[in-house]
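Single-letter residue listing:
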Amino acid sequence: MDACVSHKKVCAITGASGFVGSYLAPLLAGEGWCVVPINRLDVDFNDASALARFLLKHEITHIVHLAAESNPAGGQVGRFYDVNAFITANMLEAAEKVNLLGRFLYVSATSVYGNSDGSAQREEDHLKPLN
């Protein structure tokens, strides 16, 4: 039986082993959340129905979507769009299919604002992506 079943706050985190996720997962767990890392070894991110089944199986109430490519390095533009656009769309579709009870938080990178001059960046800043 899944350790999170019947837990009131269950958060799936994509990119849980990345920089932000490695800080967020223990923080949420310390606040009483059951944290379920979701990665490509567990489910096919290209299949919204498989993602929905994963969400139902683990009784996910919230999703933090951190998995992303920050730069289409090596000219792999297709992979860049696959991860950043299509997989995000599949995650949203899966959340809709299961009527996600809580929030879906999509976290982007500051690279959408271009190079910083050293001053703080805000969400309201003009977008100037470099890629």
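All figures in this text were calculated on a predicted structure; none of them were measured in a lab.

Chemist: Help me out: how do you make sense of the packing of aromatic side chains in this one?
Modeler: One pair of aromatic rings is described through two measures. These are the centre distance and the angle between the planes. Evaluated as defined, the whole model comprises one aromatic pair. Look at Phe19 and Tyr23: their rings are 5.4 Å apart centre to centre, the planes differ by 65°, and that puts the pair in the edge-to-face class. Residue Phe19 and its partner Tyr23 are both found in helix H1 (residues 19-30); the two are separated by four residues, about one turn of the helix.

Chemist: For this particular structure, what's the right way to read H1?
Modeler: Within an α-helix, residues lying three or four positions from one another point in the same direction, as the helix has 3.6 residues per turn. Of the positions making up H1, those classed as buried are Gly21, Leu24, Ala25 and Leu28. Down the axis of H1, the sector holding all buried residues measures 105°, keeping them to one side. Facing away from the buried side of H1 by over 90 degrees, the exposed positions are Phe19, Tyr23, Leu27 and Gly30. Against the buried residues of H1 lie strand S1 (10-14), strand S2 (34-38) and strand S3 (62-65). The positive-phi residue at the C-terminal boundary of H1 is Gly32, with phi of around 95°.

Chemist: I would appreciate a short explanation of the sheet that holds strand S4 (residues 104-106) in the present structure.
Modeler: In any sheet, the strands associate via hydrogen bonds between backbone groups, in a parallel or an antiparallel arrangement. If you walk across this open sheet you meet the four strands as S2-S1-S3-S4, and the pairing is parallel. Since the sheet does not close on itself, it has two edges, and those belong to S2 and S4, each with one partner. Taking the axes of each pair of neighbouring strands and ignoring which way they run, one obtains an average angle of 15° across the sheet. Where S1 lies against S3, four bridges are found, and the strand directions are parallel. Across the sheet, Cys11 pairs through a bridge with His62, a residue of S3.

Cut-offs used in this document
- Residues numbered from 1 in each chain as written.
- Predicted model: local features only at pLDDT ≥ 70, side-chain atom pairs only at ≥ 80, totals over all residues.
- Heavy atoms only, no water.
- Phe/Tyr/Trp six-rings, centres within 6.5 Å; stacked < 30°, edge-to-face > 60°.
- Helix = DSSP H or I, 4+ residues; strand = E, 2+ residues; numbered from the N terminus.
- Buried < 20%, exposed > 50% of the residue type's maximum accessible area, 1.4 Å probe, protein only.
- Arc of directions from axis to C-beta.
- Contact = heavy atoms within 4.5 Å.
- Pairing = 2+ DSSP bridges.
- Axes fitted to C-alpha atoms, helices over the stretch in contact; angles between N-to-C directions.

Note that every value here comes from positions in space, so none of it alone points to a role or purpose.
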